[in-house]
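# Residue-level structural notes
For reference, the chains in residue letters:
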Amino acid sequence: MGTEVEVSEPLIEKITAEEDQLIPEWKDQITIRGLAVSAIMGTLFCIITHRLNLTVGIIPSLNIAAGLLGFLSVKSWTSFLSKLGFSTKPFTRQENTVIQTCVVACYGLAASGGFGSSFLAMDKRTYKLIGTEYPGNRAEDVKNPGLGWMIVFMFVVSFVGLFSLVALRKVMILDGKLTYPSGTATAVLINGFHTNAGAELAGMQVRCIGKYLSISFLCSSFKWFFSGVGDSCGFDNFPSFGLILFKNTFYFDFSPTYVGCGLICPRIVNCSVLLGAIVSWGFLWPYISQHAGDWYPADLGNSDFKGLYGYKVFIAISLILGDGLYNLIKIISVTFKELCNKRTKVSKLPIDNEIQGANEYTESSRLLIDQKKRENVFLKDGIPTWFAASGYVGLAAISTATIPTIFPPLKWYLVLLLYLIAPALAFCNSYGAGLTDCSLSLTYAKIGLFIIASLVGTNGGVIAGLAACGVMMSIVSTAADLMQDFKTGYLTLSSAKSMFVSQLLGTAMGCVFAPLTFWMYWTAFDIGSPDGPYKAPYAVILREMAILGIEGFSELPKHCLALCCGFFVAALVINLLRDVIPEKISKFIPVPMAMAIPFFVGAYLAIDMFVGTVILFIWERINRKDSEDYAGAVASGLICGDGIWTMPSAVLSIFSINPPICMYFGPTVSS
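Residues numbered from 1 in each chain as written. Predicted model: local features only at pLDDT ≥ 70, side-chain atom pairs only at ≥ 80, totals over all residues. Heavy atoms only, no water.

On to the overall build of the protein. For the protein, the count of helices and strands is 30 helices and zero strands. Taken over 671 residues, the protein has a buried fraction of 56%. Counted over contacts in the protein with a minimum sequence separation of 6, partners at least 24 positions apart contribute 82%. By element, 65% of the accessible surface of the protein is carried by carbon and sulfur atoms, the whole surface being about 27400 Å². (Helix = DSSP H or I, 4+ residues; strand = E, 2+ residues; numbered from the N terminus. Buried < 20%, exposed > 50% of the residue type's maximum accessible area, 1.4 Å probe, protein only. Contact = heavy atoms within 4.5 Å. Areas by Shrake-Rupley, 256 points an atom, 1.4 Å probe, with all protein chains shown as cover.)

The following block contains the structure:
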């Protein structure tokens, strides 16, 4: 669950007369150099997102990193040209915002396009991993990833969500006064860059990113030389706490990416992941393993769903569903309450609080005038309602006709049903993201998965449900991302039309770059292997959900259903406690969704992320201001450097160039 951020309106800086006169037209906010930078950064962020999606399934918000790196790239380019004597066009906050929007739209498809979830859940490896004899797991329900059909699918699905809510931008941003914390934080960063003091800090942050990007890249390349052939060599299998704990996946694997995630993710999320690792790998799995031969056959493989592996997957599913269901009901109820309560809708405007608390009438008047100017800029270049409605209908019609040719079990009338209910779910998700900064796109997608899988039944229900999951996830996710970017545009005096066009351009880039970068992983690495680094945890989980929607729970291992019910209820109770207990206590209560990740993946990622949060904790105690200014830059550098190393390592793998050394650890053999 995202942490709600209280936004104070000093973040909305006063508009100077110079700024008021120099706001460029919407067409001038979109530049060739901006699109070129967006394409390069979008590709890099797609690689990073795929890596996170295929390893742990946790993807932190990269919006701020996109704004920072966009500023760095264009400023470096213009400075270089200026030194050569060329005149350059001024780099405005509006152009910076357009670049950030374009990049987010591009890498957002890598996160929500189904590459680490529904697409992989259809492939042959996942089918075999669950078991060829497993009830409901049919060989006919297999569709391996293909570059051609994935690109076509992305183009016919990804644009629909952008048109679903664009007509409500005024309702969500101006009338509803929704905070959209990530969008607001990004706007604050961009506004700060385009001041003298902000530019100086940005330059120091850029040098920090470059430093830690280089360290991360060199660290990853150094690790490669010792990783040998197979999955048991190298620093990724370093028994940091001894061989006994290593057997239960408790070790530090020197991953810059996960340490960077630990610096970015809220502290309660990192601690929740660690707690989940302790509960599962420290107590629950060893306890269940002691009953091998009684609760399940002792001679089963590590990836057999009738054994311990089944407990891991289904209990993780229970926690995820419990957390998702609670937050879905909560956000829908909050949305309904906010829409019905006019007084709440007005009183929660952050700027109202500041205006009411202003000591001087002139200051209040100035803030009101600035707010009015922002609203005028935001509404100046309108997007007609008829255009949004006709765009949604036209794209939905194209998608309804095309998707059944890619996934025959998903009939056209079922696709039409998805598009009829999608705008309502997209609104709920976008409104919830505006209130809490939490997007529940995967939760809404699971609803579509269960409904369609049960409607289609045994003959093709798995493929139909997974395809429906991909469609629904794309719509509700892109709609929420668009509203976040509209909020950023509103606060940076950017045109709504330039925001929408840049979102369209970024989505078009993502429809190509996201499948291409995923294909690099697919061809170079052993994706989906339970013993490898790219486990793709949600692939197995979603396929099992589709099978459960058709077959029910009869084939689960002994006591598995009871344990699942217990953890499902526990997730509901924990979330309820987080909401009813005073904040000074509830902030220490774990997040069930985060706890569920190591249940299936392993405890090592929890160790890495906790190292990141410990580093940040100590840093804050030593120098809080430095930690606030540079923690995001350090994290971005660590994640980006490790992500960049993925490209040369993939090329080496494609050409069958193996690491020269296998560093392996084992118990001492007595003579």
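Resuming the write-up.
Among the nonpolar cores identified, the biggest contains 182 residues, and Phe-153, Ile-403, Phe-407, Leu-410, Tyr-419 and Phe-486 are the most heavily contacted of them. No other element matches helix 23 (residues 461-491), which puts 19 residues into this core. Ile-403 has contacts with Phe-153, Val-156, Val-157, Leu-410, Val-415, Tyr-419 and Val-471, leaving out every residue within four places of it along the chain. (Core = buried A, V, L, I, M, F, W, Y, C linked by side-chain atoms within 4.5 Å.)

The end-to-end C-alpha separation of helix 24 (residues 496-524) is 41 Å, in line with the 42 Å expected for 29 residues at 1.5 Å each. Remark: the principal bend of helix 24, roughly 30°, maps to Gly-510. Where helix 24 starts, the residue carrying a side-chain oxygen 3.1 Å from the main-chain nitrogen of Lys-497 turns out to be Ser-495. (Expected span 1.5 Å × (residues − 1). Bend = angle between axes of the 7 residues up to and from the residue. Polar contact = N/O pair within 3.5 Å; in protein donor to acceptor, adjacent residues only side chain to side chain.)

Taking 1.5 Å per residue as the helical rise, helix 23 with its 31 residues ought to reach 45 Å, and the 45 Å between its terminal C-alpha atoms agrees with that figure. Taking burial as the measure, the 31 residues of helix 23 include 30 buried ones, the bulk of the element. The first or second residue beyond helix 23 is Leu-493, which carries a positive phi of 60°.

Before going further, it helps to examine a nonpolar patch on the surface. The grouping of Trp-412, Tyr-413, Leu-416, Leu-417, Leu-420, Ile-421, Ile-447, Ile-451 and Leu-455 at the surface amounts to a nonpolar patch, some 850 Å² of accessible area in total. Listing elements by their share of the nonpolar patch, those giving two or more residues are helix 21 (412-436) and helix 22 (441-456). At six residues, helix 21 tops the list of elements feeding residues into the nonpolar patch. By the element assignment, Leu-417 lies in helix 21. (Patch = residues over 30% accessible without salt bridge, like charges linked within 9 Å, V, L, I, M, F, W, Y side chains within 5 Å. Salt bridge = Lys/Arg side-chain N within 4 Å of Asp/Glu carboxyl O.)

Time to look at the side chain of Thr-400. Within the secondary structure, Thr-400 is located in helix 20 (residues 385-406). On the basis of relative accessible area, Thr-400 is assigned to the buried category, the value being 10%. Not counting residues up to four positions away in its chain, the partners in contact with Thr-400 are Trp-412, Val-415, Leu-416 and Tyr-419.

To continue, consider the packing of helix 15 (residues 267-289) against helix 28 (residues 592-601). Describing two packed helices takes the angle between their axes plus the distance from one axis to the other. It is at 7 Å that the axes of helix 15 and helix 28 come closest, and there the two elements cross at 45°. In terms of orientation, helix 15 and helix 28 fall into the oblique class. For the element pair helix 15 and helix 28, the recorded crossing hand is right-handed. Of the residues in helix 28, those in contact with Val-269, Ser-272, Val-273, Leu-275, Gly-276, Ala-277, Val-279, Ser-280, Trp-281, Leu-284 and Trp-285 of helix 15 are Ala-594, Met-595, Pro-598, Phe-599 and Phe-600. Taken together, the residues that form the contact of helix 15 with helix 28 break down as 13 nonpolar, three polar and no charged. (Axes fitted to C-alpha atoms, helices over the stretch in contact; angles between N-to-C directions. Parallel < 35°, antiparallel > 145°, perpendicular 65-115°, else oblique. Left-handed = near helix turned anticlockwise from the far one by under 90°. Nonpolar A, V, L, I, M, F, W, Y, C, P; charged D, E, K, R; others polar.)

As a further point, take the confidence of the model for the protein. When pLDDT is averaged along the protein, the result is 80; 85% of the residues meet or exceed 70. Mean pLDDT across the elements of the protein bottoms out in helix 18 (residues 350-356) (40) and peaks in helix 8 (residues 147-158) (93). Considering only residues more than four positions removed or in separate chains, one finds that residues 1-13, a stretch of pLDDT under 50, has 32 contacts. Contacts of residues 342-361 to residues separated by more than four positions or lying in other chains number 22 contacts, the stretch itself having pLDDT below 50. (pLDDT = per-residue confidence, 0-100.)

Let's shift gears to the state of the cysteines. Evaluation of the coordinates by the stated rule reveals one disulfide. Here Cys-233 pairs with Cys-662 through a disulfide, and the sulfurs are 1.8 Å apart. Given an S-S torsion of about -75°, the disulfide between Cys-233 and Cys-662 has left-handed geometry. One end of the pair, Cys-233, is in the loop between helix 12 (196-225) and helix 13 (243-247); the other, Cys-662, is in the segment after helix 30 (624-654), and 429 residues separate them in sequence. A relative accessible area of 44% places Cys-662 in the partly exposed class. (Disulfide = S-S within 2.5 Å.)

Counted by the stated rule, this structure contains six salt bridges. In this structure, the salt-bridge partner of Glu-95 is Arg-33, at a minimum N-O distance of 2.8 Å. Within this pair, whereas Glu-95 is found in helix 5 (residues 93-112), its partner Arg-33 is found in helix 3 (residues 32-55), the two being separated by 62 residues in sequence. We classify Glu-95 as buried; its relative accessible area is 2%. For Arg-267, the salt bridge is made with Glu-620, and the minimal N-O distance between the two is 2.7 Å. Taken together, the residues span a long stretch of sequence, with Arg-267 in helix 15 and Glu-620 in helix 29 (residues 604-622) at a distance of 353 residues. Glu-620 sits in the buried class, given a relative accessible area of 16%.

The next subject is the environment of Asn-96. Following the sequence through the fold, Asn-96 ends up in helix 5. Between the C-alpha atoms of Asn-96 and Leu-68, which are 28 residues apart in sequence, the distance is 8.9 Å. Beyond its immediate sequence surroundings of up to four residues, Asn-96 is in contact with Gly-67, Gly-70, Phe-71, Phe-91, Ile-190, Phe-193 and His-194.

Moving on, we get to unusual backbone geometry. For Phe-254, which is not glycine, the phi torsion reads 55° and is therefore positive. The topology assignment puts Phe-254 in the loop between helix 13 and helix 14 (256-264). Non-glycine residue His-559 carries a positive phi angle of around 65°. Tracing the chain through its elements places His-559 in the loop between helix 25 (537-551) and helix 26 (560-580). When its relative accessible area of 40% is taken as the criterion, His-559 is described as partly exposed.

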